[in-house]
Amino acid sequence: MNRRSFPGILPFLLVLPACEGPQSAFDPAGVEAARVLSLFWIMLAGAVAIWTVVIGISYYATKASAEGHSEKTGLRLIIWGGCVFPTVVLVGLLFWGLEMMPELRRPGDGPTIAVSGERFWWRIAYGVEGGPGVVRNLPQGGIPSANEIWIPVDQRTEILLSSPDVIHSFWVPPLAGKMDAIPGRVNRLILEPTELGVFNGACAEFCGTAHAQMEFRVVVVSGAEFEAYVQAQARPAKETNSPGLGLFMANGCAACHSVRGTPADGDVGPDLTHLASRRTIAAGLLPTTEENIAAFIASPDHLKPGVEMPAFGVLPDREIARVAEWLGSLE
Ligand code: CUA
């Protein structure tokens, strides 16, 4: 490489480290993501080939031959370089892409998990049937959770995607391509992870003010760990006489949130039965700590503009701390 071209590729070299990590499509940890990445490289090679040939012909036609070309040579260049070559490459790429589709849409052999895009978080239900019964556009039944999805490694988990009001897009770059969550219909997406780990997902379709803060985590574990996790999520919250529960009920939190095993049975916001078992609160916004839970209760709109939850900052700090302490104990 000569010295003049080096500064030009410097920005490219600087962003290369960003190609790794838990939210990178260039670091696949699932079957679909790996196929999508190979499709990307093949498409890129095709695009580079067409670009090189077209630019080469342009150079040849205008600069390389000072005395000009005959009409026959010009026609030949246009037909072969401008028509035949791009058509052959593009048709090849089209069939390469189409050939992938049936395999990517093959039904799952693993669990079925319903996911609904809400404003602005992810409603999750484990162990659902893909039937037509719909609660807020989700298939009936299932074990509720939010914003963190556990799936077993080396199994084809079927995600049933929907939304009650606006369109979102469910995207876990290291595991699979994007799929929209559309009101009034259920879209299917297969996740087949090949590596254990925690991966970041995000909403990939502008859906409102807090769109950029609508994240989630996907935790890939062994089949046995997955079964144990779902059983634990199915259990009601541990019995408690915590003053936090009393304050939670007295201040109307139960109008929106459920904590199974207590009188709180709202279904507008996320189910909080096992809130402390999740890595984050507020759809990937903050790590789950008592301090963060308290800060979010006091001023959710400050931390996440556009959130639907009202602020409870008028309550005494002591009461908010009690509620946060109780929620932070719900593992
Ligand atoms: Cu939900 Cu963007």
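To be clear, the structure that these remarks concern was listed above.
Report follows, based on the coordinates. As the structure is a computational prediction, the values presented were derived from the model and not from experiment.

Considering the overall build of the protein
And step 1. Looking only at helices and strands, the protein features eight helices and 14 strands.
And step 2. Its C-alpha atoms give the protein a radius of gyration of 26 Å, clearly above 20 Å, the size a compact globule of 331 residues would have.
And step 3. Evaluated residue by residue, the protein yields a buried proportion of 40% over its 331 residues.
And step 4. For the protein, the computed accessible surface area is about 17,400 Å², with 62% contributed by carbon and sulfur atoms.
And step 5. Within the protein, the 33 negative side-chain charges are centred at a point lying 7 Å from the centre of the 24 positive side-chain charges.

Looking at the nonpolar core
And step 1. Grouped together as the largest cluster of nonpolar side chains are 35 residues, with contacts concentrated most on Ile-113, Val-115, Tyr-126, Ile-149, Phe-170 and Leu-175.
And step 2. Once you skip the residues sitting within four places of it in the chain, Ile-113 turns out to touch Ile-124, Ala-125, Tyr-126, Val-128, Ile-149, Trp-150, Ile-151, Thr-157, Glu-158, Ile-159, Leu-160 and Phe-226.
And step 3. Counting 26 residues, the second largest nonpolar core, distinct from the first, contains Val-259, Ile-297, Phe-312 and Ala-324.

Some words on the packing of aromatic side chains
And step 1. Tallying each qualifying case throughout the model produces 10 aromatic pairs.
And step 2. Put simply, the rings of Tyr-126, Trp-150, Phe-226 and Tyr-229 pair up and form one aromatic cluster.
And step 3. Directly above the ring of Trp-171 sits Lys-178, whose terminal nitrogen or CZ lies 4.6 Å from the centroid.

Here we look at the sheet that holds strand S1 (residues 112-118)
And step 1. Within the open sheet, the five strands sit side by side as S5-S2-S1-S7-S10. Their pairing is mixed. The open sheet terminates on both sides in strands that have one partner only, identified here as strand S5 (143-146) and strand S10 (187-191). Going across the sheet, the axis of each strand differs from the next one's by a mean of 25°, ignoring polarity.
And step 2. As defined by bridge partners, strand S2 (residues 121-126) adjoins S5 across four bridges and the pair is classed as antiparallel. Within S5, the position partnered with Ile-124 by the bridge is Ser-145.
And step 3. Where helix H4 (residues 223-234) meets the sheet, it contacts S1, S2 and S5, and its direction lies at approximately 95° from that of S5.

What to know about helix H3 (residues 71-104)
And step 1. Look at H3: 49 Å from first C-alpha to last across 34 residues, which is about the 50 Å you get at 1.5 Å a residue.
And step 2. Its axis deflected by about 30° at Val-84, H3 carries its strongest bend there, up to four residues before the proline Pro-86.

Focus on the state of the cysteines
And step 1. Here the structure, examined in full by the defined rule, presents zero disulfides.
And step 2. Looking at Cys-256, it has no disulfide partner, and the nearest cysteine sulfur is the one in Cys-253, 8.7 Å off.

Definitions and limits used
Residues numbered from 1 in each chain as written. Predicted model: local features only at pLDDT ≥ 70, side-chain atom pairs only at ≥ 80, totals over all residues. Heavy atoms only, no water. Helix = DSSP H or I, 4+ residues; strand = E, 2+ residues; numbered from the N terminus. Rg over C-alpha atoms; globule rule 2.2 N^0.38 Å. Buried < 20%, exposed > 50% of the residue type's maximum accessible area, 1.4 Å probe, protein only. Areas by Shrake-Rupley, 256 points an atom, 1.4 Å probe, with all protein chains shown as cover. Lys, Arg positive; Asp, Glu negative; His and termini not counted. Charge placed at Lys NZ, Arg CZ, Asp CG, Glu CD. Core = buried A, V, L, I, M, F, W, Y, C linked by side-chain atoms within 4.5 Å. Contact = heavy atoms within 4.5 Å. Phe/Tyr/Trp six-rings, centres within 6.5 Å; stacked < 30°, edge-to-face > 60°. Lys NZ or Arg CZ within 6 Å of the ring centre and 35° of its normal. Pairing = 2+ DSSP bridges. Axes fitted to C-alpha atoms, helices over the stretch in contact; angles between N-to-C directions. Expected span 1.5 Å × (residues − 1). Bend = angle between axes of the 7 residues up to and from the residue. Disulfide = S-S within 2.5 Å.

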